[in-house]
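# Remarks on the overall topology
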Amino acid sequence: MLSDTTTYRQITKDPTPKLEREFRAKLKALQNSNEIDIQLYRKLTTHPRAPYARATIKVHKNPIKARLLICSRGTVHYDTAQYLTKLLTPLGKTSKSYIKDSAEFCNKVKDIPGTAQLISYDVLDLFTNIPREESLDIIRQKLNSGQHALNTAMKPDSIISLLDSCIHSTYFTWGDDIYEQLHGLPMGSPLSPLISEIYMTEFENKALATSPIKPLCWFRKVDDTFVALNKTDHLNTQNNRIQLTMEQECNKTIPFLDVLISKRNDKLLTSVYRKPTHSDQYVNYQSNQPNRIKRGIISILTKRALQISSINLQEEINHLKTAFTTQNRYPPQLVERTISKTLNPANKTRATRPDHPNIYI
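Residues numbered from 1 in each chain as written. Predicted model: local features only at pLDDT ≥ 70, side-chain atom pairs only at ≥ 80, totals over all residues. Heavy atoms only, no water.

## Some words on unusual backbone geometry
In this structure, N265 is a non-glycine residue whose phi angle is positive, near 55 degrees. Tracing the backbone shows N265 in the loop between β11 (259–264) and β12 (267–272). Positive phi outside glycine occurs at R329, with the angle close to 60 degrees. Inspection of the secondary structure assignment puts R329 in the loop between α10 (313–327) and α11 (332–343). (Helix = DSSP H or I, 4+ residues; strand = E, 2+ residues; numbered from the N terminus.)

What follows is the structure, encoded as structure tokens:
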């Protein structure tokens, strides 16, 4: 990862003290101009440390690859990034293609005719390839349009200035070494998901407006896009840094998020999808966790099956029963009772036995 000199470079000096001085001065100027109050100034000026990196292995990829995770909590720009993320949330999630979760996706896709080719797109290394300056220009246009009421006294230029500081701070430590990410948004910043969403909305609007082929549907969750249309590579001509891989339907099925979409009789039907590396390992019943947590896991996965499965619901329920009782050592009666109450909430009755016996003194 870090040997990729097109994405990372090693630096010799920790920039934290200099960044702290410069950012404090910027925040102080905003306080002096009454754009932020003293309480917010104090909240955003902390005693920072340098971000540090660790790696996670993505075993479901072929070939297996590692991905850097950056811990930026407690760093120079972290609290400001959190504040700006909350402030600018109305600017994100405005796309017609936006889907909140798998349940919403299944509800939307059920009305799509199963006549076109099903394709899913995945952006390669999204955060490290989002163009910073272009993203700031998009946000500046949105702020100046006045279409979004924000709860702040800060001027648009001041917001952009803070954003600029946050997203250009991309250094991190790896052991005793210090590296800098050369382009894209900082991994680990609270702002990166929001700015990515804002940029990808503009990206897809441009792509759809100029595409010679109009899709029957276009749904996106962060960097994953589900499309029903004839094959096209138009998306990869929009920006040299934003490149997408494409997966086409196979045997009239295609996975998207945790949903398997299937074509049957010119209709799109949905069921639960698990990656080949999925192990069905959850919180073991013998672990030292409250029983409500264990029941909650069963209930959540049962609700997911109910929300996603337009077909194969009973097959999925049987799979959950086996996974919990065989691989996670849950009592069969507990699994059966929890699943039944989740599937039939009207039949819930007050538990007659507590999780723990009463103690009399």
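## Here we look at helix α7 (residues 156–167)
Along its 12 residues, α7 runs 16 Å from first to last C-alpha, staying within 8% of the 16 Å computed at 1.5 Å per residue. Among the residues of α7, those classed as buried are S158, I159, I160, L162, L163, S165, C166 and I167. Next to the buried residues of α7 lie α1 (16–32), α3 (78–88), α6 (132–145) and α8 (191–210). (Expected span 1.5 Å × (residues − 1). Buried < 20%, exposed > 50% of the residue type's maximum accessible area, 1.4 Å probe, protein only. Contact = heavy atoms within 4.5 Å.)

## Here we look at the pattern of salt bridges
Evaluated as defined, the whole model comprises 11 salt bridges. Between R220 and E197 there is a salt bridge, with the nearest N and O atoms lying 3.0 Å from each other. Taken as a pair, R220 in strand β7 (residues 217–221) and E197 in helix α8 lie far apart in primary sequence, 23 residues in all. In terms of burial, R220 and E197 fall into one category: buried. One salt bridge connects D280 with R274, and the closest N-O pair in it is separated by 3.7 Å. Taken together, the shared-partner salt bridges connect E197, E204 and R220 into one network. (Salt bridge = Lys/Arg side-chain N within 4 Å of Asp/Glu carboxyl O.)

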